[in-house]
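Here is what each chain is made of, one letter per residue.
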Amino acid sequence: MPTMPSLLWDVFCQVVDNHGDLGVCWRLSAQLAKRGHRVRLWVDDTSALAWMAPRGSEGVDVRHWHCEPPTGLPAGDVLVEAFGCDIPDAWVLAVAPQAGPWINLEYLSAEAYVERMHGLPSPVMRGPLAGRTKHFFYPGFTPATGGLLREDDLQARQARFDRGTWLQTHAPGWAGEQVVSLFCYEPVNLGTWLDHLRQPDSAPTHLLVAPGRPMAAVRQHLGEGTQHGPLRLTWRSHCSQTEFDHVLWASDLNMVRGEDSLVRALWAGRPFVWHIYPQDDGAHHTKLQAFLDWLKAPADMRAQHLFWNADTPARLPHYDARTWTDTVRRARRTVSVQEDLVSQLIAQVSRL
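We now turn to the structure provided with this report. A quick note: this is a predicted structure, and the numbers were derived from the prediction, not measured. (Residues numbered from 1 in each chain as written. Predicted model: local features only at pLDDT ≥ 70, side-chain atom pairs only at ≥ 80, totals over all residues. Heavy atoms only, no water.)

1. A word on the pairing of strand 7 (residues 133-137)
- With 4 of 5 residues buried, strand 7 lies mostly within the body of the structure.
- Pairing geometry for strand 6 (residues 121-123) and strand 7, over 3 bridges, is antiparallel. Bridging from a neighbouring strand, Pro123 pairs with Thr133 of strand 7. (Buried < 20%, exposed > 50% of the residue type's maximum accessible area, 1.4 Å probe, protein only. Helix = DSSP H or I, 4+ residues; strand = E, 2+ residues; numbered from the N terminus. Pairing = 2+ DSSP bridges.)

Right, here's the structure in full:
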């Protein structure tokens, strides 16, 4: 693991939608702090941290990103611009007046361009910052990318997890039936999938429904009740990132969305279906196909992903999620032997 003197990092995050960007930036900041660095996490909406990270993290100073830049702050050593949040020039000059490392942290993808772009410089050509250089940092699934966020104690925590005890406490009425966690946007085919689960001849299922958009979408289709034939629902509350891991570890199938929860589902090593963030130009379909190719997803897992991410109504394909476990765990082993994202980021900064 790369080591270097303690540095002051300025991490900038803009909450665009559903707090996923903030989830990644918080994990990044907390892991940097655990390795002895100091972090100023600049966020335009900090409200989600009250449940996402209720205990905070020593070494992470959360600050609100206001319209006007602050004055009189000590200069930071490293500037991280997360997910194209486009830090105004005045803010860069306020927090990083010296020409230290400037990292452009990009979104996660399995597409081929990630390996080509990772680590490349991006010179600033005009304005008061002309002459400075950003460097791209692309998370990814291969050794030629920036890797994935992974805590040092993740495997040990999962090994200590008591699934039965957790379910008895957090899934009222659970009696050994399959457990599915639902964290999604509003899939076009959500109703079709729910209708299948509540058919009298379907396997008993306990569905753990995340708050917010997933809960609203399910209630719109099924109403407020919690029992629908063999389908039982538990309406979940907002939870910390640690508790979200427990949800994934306890479930037989995880329906996840966005970037942060995809990575956590992969580390969980249990079957999952990824609802990728939809883009107006349809680019998310290419991104999904690239991920499924890297995953070497079997035919029914691939078909279920395409159904879940479809733009128009479709018939539910036959699938057996229990057969996907080997695929997911093989992929987990592949990325587990690669350096984690924070180690690689620290190493890149030490070279700049």
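Text resumes after the structure shown.
2. Quick notes on the environment of Tyr277
- Tracing the chain through its elements places Tyr277 in the loop between strand 13 (272-275) and helix 11 (283-295).
- By relative accessible area, Tyr277 is classed as partly exposed at 39%.
- Separated by 159 residues in sequence, Tyr277 and His118 have C-alpha atoms that sit 22 Å apart.

3. Overview of the side chain of His135
- The topology assignment puts His135 in strand 7.
- Given the relative accessible area of 16%, His135 is considered buried.
- Those residues in contact with His135 that sit more than four places away from it in its chain are Trp102, Ile103, Asn104, Gly119, Leu120, Pro121, Gln348 and Leu352. (Contact = heavy atoms within 4.5 Å.)

4. Points about helix 11
- In this model helix 11 runs 19 Å from its N-terminal to its C-terminal C-alpha over 13 residues, within 8% of the 18 Å that 1.5 Å per residue would give.
- Looking at helix 11, one finds that the buried residues are His284, Lys287, Leu288, Ala290, Phe291, Leu292, Trp294 and Leu295.
- Contacts made by the buried residues of helix 11 are with helix 10 (260-268), strand 13, helix 12 (299-308) and helix 13 (325-336).
- Looking one or two residues past helix 11, Lys296 carries a phi angle of roughly 55°, positive in sign. (Expected span 1.5 Å × (residues − 1).)

5. Quick look at the pattern of salt bridges
- Evaluated as defined, the whole model comprises 18 salt bridges.
- One salt bridge connects Arg264 with Glu151, and the closest N-O pair in it is separated by 3.1 Å. Highlighted residues: Arg264 in helix 10 and Glu151 in the loop between strand 7 and helix 5 (154-160), separated in sequence by 113 residues. Neither residue differs from the other here; Arg264 and Glu151 are each classed as buried.
- Among the ionic contacts, a cluster of salt bridges with common partners joins Arg27, Glu151, Asp153, Arg157, Asp245, Asp260 and Arg264. (Salt bridge = Lys/Arg side-chain N within 4 Å of Asp/Glu carboxyl O.)

6. Description of unusual backbone geometry
- The backbone of Asp86 sits at a positive phi, close to 55°, despite the residue not being glycine.
- Tracing the backbone shows Asp86 in the loop between strand 4 (78-82) and helix 3 (89-95).
- Asp86 sits in the exposed class, given a relative accessible area of 56%.
- A positive phi is found at Lys296, a non-glycine position, where the angle reads about 55°.
- Along the chain, Lys296 falls in the loop between helix 11 and helix 12.
- Overall, the relative accessible area of 59% leaves Lys296 in the exposed class.

7. Some remarks on the sheet that holds strand 3 (residues 60-64)
- Spatially, 7 strands are ordered 3-2-1-4-5-7-6 in an open sheet, and the strand pairing comes out mixed. Whereas interior strands pair on both sides, the edge strands pair on one side only; in this sheet they are strand 3 and strand 6. On average, each strand axis in the sheet is tilted by 25° relative to the strand beside it, whichever way the strands run.
- Strand contacts of helix 14 (residues 341-351): strand 1 (8-13), strand 4, strand 5 (102-105) and strand 7, with the helix running at about 155° to strand 7, the strand carrying the most contacts. (Axes fitted to C-alpha atoms, helices over the stretch in contact; angles between N-to-C directions.)

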